[in-house]
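The lines below spell out each chain.
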Amino acid sequence: MTITLRNVDFETLQVIESLKGLKKDLEIEKIPNDETLEAMKECEEILANPQKYKSYQSAKELIEDCLND
């Protein structure tokens, strides 16, 4: 059995994922929405070119930078 999920929230996804324990042949097809796809591409870009992006040694440093902008 295959369940296809489109634009579903995290809580619903967790419930569906928990059903896998009850039905071993359950397959869940997750289709990300456009916003998620864009975020995934941005993440891949950051991982591929970390030198182009700011980094921080601590959360305090990050917060201070945000407050100073």
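Conventions and cut-offs
- Residues numbered from 1 in each chain as written.
- Predicted model: local features only at pLDDT ≥ 70, side-chain atom pairs only at ≥ 80, totals over all residues.
- Heavy atoms only, no water.
- Helix = DSSP H or I, 4+ residues; strand = E, 2+ residues; numbered from the N terminus.
- Rg over C-alpha atoms; globule rule 2.2 N^0.38 Å.
- Buried < 20%, exposed > 50% of the residue type's maximum accessible area, 1.4 Å probe, protein only.
- Contact = heavy atoms within 4.5 Å.
- Areas by Shrake-Rupley, 256 points an atom, 1.4 Å probe, with all protein chains shown as cover.
- Core = buried A, V, L, I, M, F, W, Y, C linked by side-chain atoms within 4.5 Å.
- pLDDT = per-residue confidence, 0-100.
- Salt bridge = Lys/Arg side-chain N within 4 Å of Asp/Glu carboxyl O.

A. Here's a closer look at the overall build of the protein chain. When helices and strands are tallied, the protein chain shows 3 helices and 2 strands. Each helix (α) and strand (β) of the protein chain, taken in turn from the N terminus, gives the series β-α-β-α-α. Taken over C-alpha atoms, the radius of gyration comes to 18 Å for the protein chain, far larger than the 11 Å a tight globule of 69 residues would show. C-alpha atoms of the protein chain, sized along the principal axes, occupy 50 × 25 × 20 Å. Each of the 69 residues in the protein chain was classed as buried or not, and the buried ones make up 10%. Sequence separation of 24 or more characterises 42% of the internal contacts of the protein chain that already satisfy a separation of 6 or more. Accessible surface computed for the protein chain: about 6100 Å², of which carbon and sulfur atoms make up 54%.

B. Here's a closer look at the nonpolar core. Among the nonpolar cores identified, the biggest contains 5 residues, and these are Leu5, Leu13, Ile16, Leu26 and Ile28. When sequence neighbours within four positions are dropped, the list of residues in contact with Leu13 reads Leu5, Val8 and Lys30.

C. Highlighting the confidence of the model for the protein chain. With 99% of its residues at a pLDDT of at least 70, the protein chain reaches an overall mean of 84. When pLDDT is averaged over each element of the protein chain, helix 3 (residues 59-68) comes out on top at 95 and strand 1 (residues 2-6) at the bottom at 74.

D. Representation of the pattern of salt bridges in the model. All told, the structure shown has 2 salt bridges when counted by the stated rule. Salt-bridge contacts for Lys52 lead to Glu45; the nearest nitrogen and oxygen are separated by 3.8 Å. Judged by relative accessible area, which is 56%, Lys52 ranks as exposed. A relative accessible area of 29% places Glu45 in the partly exposed class.

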